[in-house]
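Each chain, written out:
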Amino acid sequence: MTKNFEQAKIDTKSVWAGEKDYLVHGATQVPVIPSVAFGYDDMDEWYDVAIGKKKGHIYGRNTNPTVQAFEDKLKILEGAEAVTSFSTGMAAISNTLYTFLVPGDRIVSIKDTYGGTNKIFTEFLPRMGVEVELCETGSHEAIAEAVQKGCKILYLETPTNPTVKITDIEKMAKVGKDLGALVIVDNTFATPINQNPLQLGVDLVIHSATKFLGGHADALGGVVCGKDPELIEKIYHYREINGATMDPWAAYLILRGMKTLHLRIERQASNAMKLANYLQTEEMVEAVFYPGLETHPNHDIAKKQMRGFGGMLSFAVKGGVDTVRELLPKLQFAHRAANLGAVETTVGPARTTSHVECTPEERAAMGIPEGLIRVSCGIEDGEDIISDFKQAFASLRTAVRS
Ligand SMILES: *Cc1c(COP(=O)(O)O)cnc(C)c1O
């Protein structure tokens, strides 16, 4: 029976979409197919598959059925026409940029992109003779001005890592498209549950599947989704030759994780909202960053373009790094690790996680205080998370007093 997902809600899509073509022997779950090569008895059929005339698989660096099931699910969740996947989120980002940029090109982006992305902008692209202009994150005027000077790519990320700044996707997509730029959005923090940039006019949407899509911190992956199959075909071609292919075992784990994506995102967002509200009342906290807070400078834009505000928040503590060093080890229900989007709450200072590649001066220039703590809310009970932070702050205050 073919299932029609056009009308289904996103929760139903998370569970069912993209899997039916890959179920064999009556299995109800997509199998892991770790085969490096796929054999043919019929030489003509082999040839037709090899030249893309007929559907099928030839060699694991190019395509694989388990990996394709993952791509198909994401295609439906993002409302894309075509999707290609990668070994990691950074592979998705770098392969996409290197597919389109050649010496002499110009790219416009924002200062607060993910640390690895920022390194591509500041270290690798200039070395290739590509001009990079990084604008103040959240300043729509600055971005529009930079785009108007001409650029091949406008690259955005919203919400950003780690201070969850918001850019108006629809507005900036229009600015970029009007001037003929390719508009790309890193949608890792929002996930397709909360935000679909393709529906807001952008050309390409990128995810680190390692994070919320997989959701269990046990597999690396990346993906690019687009409305125009020709764009995706070009990126796929770059990837099949350069080799940053997603592993079938990773694809299986991420697919399995994605069946509960909607449930996890709902709980993570409600926990993040509760924790943000509590942190605002905590005397040792200087500032709380969460798009769901009315005090967030772009709360209105977030409300307009997101269905939920996500599980990511950050806050700055009084006393900087010294406080961070004392506070984080006191938490009971949190991994102190450089990851996000998992079912367990995960905390880390920006200086050792998202922006470890940057110098303190670079972080200061991006508005990232050294006392900034990033929290990826897990799916635990919200009250337990708050109690945990409360006891950690309380024991810190006791230590300070004695
Ligand atoms: C983690 C992350 C990436 C990179 O993904 P990897 O899978 O670690 O390579 C890119 N963008 C954002 C926003 C991220 O959080």
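Parameters at a glance
- Starting from 1, residues in each chain are numbered consecutively following that chain's sequence as written.
- Residues qualify for local features only when their pLDDT is at least 70, as the model is predicted, and side-chain atom pairs are given and counted only at 80 or more; totals for whole chains, interfaces and linings, by contrast, use all residues.
- Side-chain numbers here rest on the full set of heavy atoms in the structure, without hydrogens or water.
- Note on geometry: axes are C-alpha line fits, over the in-contact stretch for helices, and angles between N-to-C directions span 0 to 180 degrees.
- Helix numbering and strand numbering both begin at the N terminus, where a helix is a DSSP run of H or I of at least 4 residues and a strand a DSSP run of E of at least 2.
- Roughly parallel covers angles under 35 degrees, roughly antiparallel covers those over 145, roughly perpendicular covers 65 to 115, and oblique covers all other angles.
- In this scheme, a crossing is called left-handed if the near helix is turned counterclockwise away from the far one by less than a right angle; it is called right-handed if the turn is clockwise.
- A contact between two residues is defined here by any heavy atoms of the two lying within 4.5 Å.
- Residues are grouped as follows: Ala, Val, Leu, Ile, Met, Phe, Trp, Tyr, Cys and Pro are nonpolar; Asp, Glu, Lys and Arg are charged; all remaining types, including Gly, are polar.
- Domain segmentation is taken from an automatic or database assignment of domains.
- Reported buried area values correspond to the accessible surface (1.4 Å probe) lost by two parts on association, with both partners' losses combined.
- One side-chain nitrogen of Lys or Arg within 4 Å of one carboxyl oxygen of Asp or Glu is enough to make a salt bridge.
- We call two N or O atoms a polar contact when they sit within 3.5 Å, provided that within protein one can donate a hydrogen and the other can accept it, with sequence-adjacent residues counted only if both atoms are side-chain atoms.
- The rule for a residue being near a molecule or strand is that one of its heavy atoms must lie within 4 Å of it.
- Note on areas: these come from Shrake-Rupley sampling with a 1.4 Å probe, and a residue is covered only by the protein chains present in the view.
- We call a residue buried when its accessible area falls under 20% of the maximum for its residue type, exposed when it is over 50%, and partly exposed in between, using a 1.4 Å probe and counting protein chains only.
- Between any two strands, pairing holds if DSSP finds at least two bridges.

Peer 1: Explanation requested: the packing of helix α4 (residues 89-100) against helix α9 (residues 229-242) in the structure shown.
Peer 2: Relative orientation and spacing of two packed helices are given, respectively, by the angle between their axes and the distance between those axes. In the contact formed by α4 and α9, the axes pass within 9 Å of each other and the chain directions differ by 110 degrees. Considering the angle they form, α4 stands roughly perpendicular to α9. Where α4 crosses over α9, the handedness of that crossing is right-handed. Only Leu-231, Lys-234, Ile-235, Tyr-238, Arg-239 and Asn-242 of α9 make contact with α4, whose side of the interface consists of Asn-95, Thr-96, Tyr-98, Thr-99 and Phe-100. The class makeup of the residues in the contact of α4 with α9 is five nonpolar, four polar and two charged.

Peer 1: I keep staring at the domain arrangement of the protein chain and nothing clicks. Help me out?
Peer 2: A common way to state how big an interface is: give the accessible area lost once the parts meet. Domain parsing of the protein chain yields domain 1 (3-258) and domain 2 (261-401). Each of domain 1 and domain 2 has a C-alpha centre, and these two points are 27 Å apart. Across the contact, 43 residues belong to domain 1 and 36 residues belong to domain 2. Of the roughly 3300 Å² buried at the junction of domain 1 and domain 2 (both faces included), carbon and sulfur atoms supply 59%. Of all residues in domain 1, Ile-166, Asn-194 and Phe-212 bury the most surface against domain 2, accounting for 21% of the area lost on that side. At the boundary of domain 1 and domain 2, one finds one salt bridge. Two residues, Asp-168 and Lys-304, come together in a salt bridge whose shortest N-O distance is 2.7 Å. Scanning the region where domain 1 abuts domain 2 turns up 16 residue pairs in polar contact (both at pLDDT 80 or more). Residue assignment for the side of domain 1 that touches domain 2 shows that the elements contributing at least two residues are α1 (10-16), α5 (115-127), α7 (169-178), α8 (191-194) and α10 (248-258). Classifying every residue of the side of domain 1 that touches domain 2 by side-chain character gives 17 nonpolar, 18 polar and eight charged.

Peer 1: Got a minute to help me understand the site of the ligand in this structure?
Peer 2: The full set close to the ligand counts 15 residues, and Gly-89, Met-90, Asp-186, Thr-210 and Lys-211 are the nearest of them. In this structure, Asp-186 approaches the ligand through a side-chain N or O atom, which is 2.7 Å from a nitrogen atom. Here an oxygen atom of the ligand and a side-chain polar atom of Thr-210 are 2.6 Å apart. Summarising the interface, the protein chains cover 93% of the accessible area of the ligand, which totals 380 Å² for the free molecule. Here the shell around the ligand is composed, by residue class, of five nonpolar, seven polar and three charged.

Peer 1: When you look at the environment of Gly-18 in this model, what are you seeing that I'm missing?
Peer 2: Of note, Gly-18 is situated in the loop between α1 and α2 (43-50). We classify Gly-18 as buried; its relative accessible area is 13%. Expressed as a C-alpha distance, the spacing of Gly-18 and Leu-74, which sit 56 residues apart in the sequence, is 7.7 Å.

Peer 1: What exactly am I supposed to notice about the sheet that holds strand β11 (residues 346-349) here?
Peer 2: What holds strands together in a sheet is hydrogen bonding between their backbones, with the strands either parallel or antiparallel. Spatially, the five strands line up as an open sheet ordered β8-β9-β12-β11-β10, and their pairing is mixed. Taken across any chain shown, the strands that pair with only one partner, and hence form the sheet edges, are β8 (285-289) and β10 (335-336). With five bridges joining them, strand β9 (residues 312-317) and strand β12 (residues 372-376) adopt antiparallel strand pairing. Its bridge partner lying in β12, Ser-314 is registered against Arg-374. Taken strand by strand, helix α11 (residues 261-281) contacts β8, β9 and β12, and its axis lies near 15 degrees from that of β9. The strands touched by helix α13 (residues 320-327) are β9, β11 and β12; relative to β9, the strand with the most contacts, the crossing angle is about 120 degrees.

Peer 1: Looking at this structure, I do not really get the packing of helix α6 (residues 140-148) against α7. What am I missing?
Peer 2: Look at α6 against α7: their axes get within 9 Å of each other, and the N-to-C directions meet at 15 degrees. By the angle between their axes, α6 is roughly parallel relative to α7. Note that α6 runs across α7; the crossing there is right-handed. Note on element contacts: α7 touches α6 through Lys-171, Met-172, Val-175 and Gly-176, opposite His-140, Ile-143, Ala-144 and Val-147. In terms of residue class, the contact of α6 with α7 is made up of five nonpolar, two polar and one charged.

Peer 1: Would you mind going over the pairing of β9 with me for this structure?
Peer 2: The side chains of a regular strand alternate, residue by residue, between the two faces of the sheet. Burial runs high along β9: six of the six residues are buried. Residues of β9 alternate between two faces, with Met-312, Ser-314 and Ala-316 on one and Leu-313, Phe-315 and Val-317 on the opposite face, all of them buried. Where β8 and β9 come together, four bridges link them in antiparallel fashion. The residue of β9 that forms the bridge with Val-288 is Phe-315.

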